[in-house]
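Structure assessment
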Amino acid sequence: MENLFVNISGALRGWFTGMGLPPMAVEAIMALVFLVAILAFVLLNVVYLVYLERKLSAYMQQRLGPNRVGPRGLFQTLLDVLKLFGKEDIIPNAADRWVFRLAAILVMVPAIMAFAVVPFGQGMIAVDLNIGIFYFVAVSSTATIAFLMAGWGSNNKWALLGGMRTVAQMVSYELPMVLSLLGVVMLAGSLRISDIMAAQKTVWFVVLQPVAFLIYLVASTAELNRQPFDLPEGEQELTAGPFTEYSGMRYALFFLAEYTNMIAVSAIAATLFLGGPQGPWLPSWLWFVIKVYVMIGIYMWFRWTFPRIRMDHLLAFNWKFLVPLSLANVLVTGIGLEIYKWFQTIRW
Amino acid sequence: MEQYLALGIFLVVALVFGVVVLVVAGLVRPKKPSPEKLSTYECGLETQGPTWVQFKISYFMYALVFLIFDVETIFLYPWAVQFQKFGIFAFVEMIIFIGILVVGLWYAWKEGALEWL
C-alpha cells in the first residue's frame, strides 16, 4: 500500500519511455499526469470540504445542516456545482469587462501552481524544486492580484472596498508568514521540501518552533481571508466584497480557489511543522491526508470561535505584534542553534 | 531545467482550467440580459458618483512598509539556508541587517504610518 501511487507513476513513466519518446517529452507528459492527479484530488476534496464545513458549522450551532439531498446530504455540494453551471453569467455594464473576466481565471492559477511542491506522500512531490518553500511563498502571494482585479474591475463600491481590504490584509500578513517559515529553513538548512521532511524524522518542527507554528497559523488564516479575518468579504458590511458582482461559474471559480488555497496552506503547514507524510503503521499518503484534515479542522474551528475583528485592529495586530514577534523568533532560533553547536563542540 | 518545464505546464494548464470551466458553463447557461440585471449592484439603490476615485492613503503607506520588508525576506532566505555552515560571523552580520530594518519599522511606527486614520 505504501508505494501504491509511486508504483503507478513509475509504471506510467516506464510505459512512456518504452514508446520511444525523448526524455523531455516523457517529463512533460509525467508533469501532465501529476497535474491531472492533483486536480482530481483537489476538486474532489473541495466538493466535500464545502459539505464538511457546512456540517461542522451546523453541529457547532446545534443545527442539522444539509441533510436532504442523498444520504445525510452527501450529494448537496455536487448538485450545487451543477446548479451553478446553469446560472446566468452577468457582467455589469459599468464594469471593466476584461479585468472583470480575467480576474476569475487568474484566481485559480496560484492555487493550482502551489500544489507543484506539495508532498502527497513519500516520494510523491510533483516537482521537488531546490527552492521549494520559496516557490510556494512566491506563487501564493500573487493571488492578491486577482482579488485586486476583481475588486477594481467590478466598478462597484462594495467590491472596491473589499478589494482594497483584501490587498492590505494579504500583503500585510504575508510578512509574518514568510518570516515564520524562516525558522524552519534555518533548522533544516534547505529550501527543498524533501530535505525538510527528512530533517523531521526524529522531532517534528512544531516542537522546536512552536511560536513559528502559531504565527503561521494566524497569518495563514488571514491570507485565506477566513474568519476571524474575513473583512474583505464581511457579509454584513460589504455584501460579498470583491465577488459582489460575480455570478454563476465565475463566482464558483473564486469559491473554488478559496478552498483550494485552504488545502494548499494546510498541506504546507503539515509538511513544515507536522512532519509531512511520515508516521507509523499507515501508508505515508494516508498520514498526509490525515494531517491536512487536522489543519483544515483547526481553520474551521476558528471560524466559529472568534468574532470578526476591526480593520485597524487587524493591521495593528500584524504590524505591531506579529512582525516584531516573528523577527524575534528568527533571532531566538539563531541564538539557540549557536548554543546547540557550542554544546556539541565542548562535548567532544 | 526539466523541473521548470513541469512548472510551465502547471502554469498553462491552470490558465486553461479557468477558461475551460467558463466555456463549458457558457454552453449550458441561459442568456437573458436586461438593463436592471446589468446595472451596478448597490442593495437596490441607484449608485451615486464614480467608484474609481482616489483612495485612502493608509493603504498606500502599508504597501510601502510591506515593500521594504518583503525585499528583506528575500535576502533572509539564502542566509537562513546557509546559516548552520557560516557560523557566528554571518549571524552577527544578519543581526545588524535586521537591526537596521527594525529601526525603519520603528521610524514608520513613530511617524504614524501604521496608524489607521
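Residues numbered from 1 in each chain as written. Chains lettered and ligands numbered in written order. Predicted model: local features only at pLDDT ≥ 70, side-chain atom pairs only at ≥ 80, totals over all residues.

What chain A contains, in helices and strands, is 15 helices and 0 strands. Its C-alpha atoms give chain A a radius of gyration of 22 Å, near enough to 20 Å, the size a compact globule of 348 residues would have. The C-alpha extent of chain A, read off along each of the three principal axes, is 75 × 60 × 45 Å. Taken over 348 residues, chain A has a buried fraction of 49%. Sequence-distant contacts in chain A: of pairs separated by 6 or more residues, those separated by 24 or more amount to 76%. (Helix = DSSP H or I, 4+ residues; strand = E, 2+ residues; numbered from the N terminus. Rg over C-alpha atoms; globule rule 2.2 N^0.38 Å. Buried ≥ 20, exposed ≤ 12 C-beta atoms within 10 Å, placed from the backbone. Contact = placed C-beta atoms within 7 Å.)

Per the secondary structure count, chain B includes 4 helices and 0 strands. For chain B, the sequential pattern of α-helices and β-strands runs α-α-α-α. Radius of gyration (C-alpha) of chain B: 25 Å, far over the 13 Å computed for a compact globule of 117 residues. Judged by the C-alpha coordinates and their principal axes, chain B covers about 70 × 50 × 15 Å. When each of the 117 residues of chain B is scored for burial, the buried share is 15%.

Among the secondary structure elements, Gln3(B) is positioned in helix H1 (residues 2-28). Ignoring sequence-local partners within four residues, the contact set of Gln3(B) consists of Val127(A) and Leu129(A).

Next up on the list: the packing of helix H13 (residues 248-272) of chain A against helix H14 (residues 284-303) of chain A. Two quantities define a packed helix pair, namely the angle between the helix axes and the distance between the axes. Residue and element names in this part refer to chain A. Put simply, H13 and H14 touch, their axes get as near as 8 Å, and they point 115° apart. The way H13 lies across H14 gives a crossing that is right-handed. Of the residues in H14, those touching H13 at Met262, Ile263, Ser266, Ala267, Ala269 and Ala270 are Phe288, Lys291, Val292, Met295, Ile296 and Tyr299. Partitioned by chemical class, the residues of the contact of H13 with H14 number 10 nonpolar, 1 polar and 1 charged. (Axes fitted to C-alpha atoms, helices over the stretch in contact; angles between N-to-C directions. Left-handed = near helix turned anticlockwise from the far one by under 90°. Nonpolar A, V, L, I, M, F, W, Y, C, P; charged D, E, K, R; others polar.)

Nonpolar side chains tend to gather and get buried jointly when the protein is soluble and globular. Formed by 129 residues in total, the largest nonpolar core has its most connected members in Val107(A), Met108(A), Leu181(A) and Val185(A). Every residue in contact with Val185(A), bar those within four places of it in the chain, is listed here: Ile133(A), Leu191(A), Tyr77(B), Ala80(B) and Val81(B). (Core = buried A, V, L, I, M, F, W, Y, C linked by C-beta atoms within 7 Å.)

Right, let's get into the packing of helix H2 (residues 23-60) of chain A against H13(A). All names here are of chain A. Between H2 and H13, whose axes approach to 10 Å, the crossing angle comes to 105°. Here H13 runs roughly perpendicular to H2, going by the angle between their axes. Facing H2, whose interface residues are Val42, Asn45, Val46, Leu49 and Val50, H13 presents Leu256, Tyr259, Thr260 and Ile263. Its residues assigned to classes, the contact of H2 with H13 comprises 7 nonpolar, 2 polar and no charged. (Parallel < 35°, antiparallel > 145°, perpendicular 65-115°, else oblique.)

The subject of this paragraph is the interface of chain B and chain A. Chain B puts 51 residues into the contact, and the matching count from chain A is 59 residues. Listed by contribution, the elements that provide at least two residues to the side of chain B that touches chain A are H1, helix H2 (35-38), helix H3 (57-86) and helix H4 (88-110) of chain B. A per-element tally of the side of chain B that touches chain A places H1(B) first, with 18 residues. Along the lines of polarity and charge, the residues of the side of chain B that touches chain A split into 36 nonpolar, 8 polar and 7 charged.

Turning to the environment of Phe213(A), a few remarks are in order. Residues and elements named next belong to chain A. Mapped onto the fold, Phe213 is located in helix H11 (residues 210-223). Note: C-alpha distance between Phe213 and Phe273 (60 residues apart in sequence) is 6.8 Å. Among residues more than four places away in sequence, those in contact with Phe213 are Val206 and Phe273.

In this section: the environment of Leu179(A). Along the chain, Leu179(A) turns up in helix H8 (residues 157-188). Between the alpha carbons of Leu179(A) and Ala143(A) there is a distance of 19 Å; along the sequence they are 36 residues apart.

Residue and element names in this part refer to chain A. Look at Gln62: it is not a glycine, yet its phi comes out positive at around 55°. By the secondary structure assignment, Gln62 is in the loop between H2 and helix H3 (76-85). Backbone geometry places Trp281, a non-glycine residue, at a positive phi of 65°. Counting through the fold element by element, Trp281 comes out in the loop between H13 and H14. Given 6 C-beta atoms within 10 Å, Trp281 falls into the exposed group.

As a further point, take helix H7 (residues 143-153) of chain A. Residues and elements named next belong to chain A. The buried fraction of H7 is high, at 9 of 11 residues. Within H7, burial applies to Ala143, Ala146, Phe147, Leu148, Met149, Ala150, Gly151, Trp152 and Gly153. Residues of H7 that are buried sit in contact with helix H4 (97-106), helix H5 (108-113), helix H6 (132-141), H8 and H13.

Once that is clear, we can look at H6(A). Burial within H6(A) is extensive, with 8 of its 10 residues counted as buried. Within the span of H6(A), buried status applies to Gly132(A), Ile133(A), Phe134(A), Tyr135(A), Phe136(A), Val137(A), Val139(A) and Ser140(A). Contacts made by the buried residues of H6(A) are with H5, H7, H8, helix H9 (193-199) and H13 of chain A together with H3 of chain B.

Let us look at the confidence of the model for chain A. For chain A, per-residue confidence averages 86 on the pLDDT scale, and residues scoring 70 or more make up 99% of the total. By mean pLDDT, the top-scoring element of chain A is H11(A) (90), and the lowest-scoring one is helix H12 (residues 235-238) of chain A (77). (pLDDT = per-residue confidence, 0-100.)

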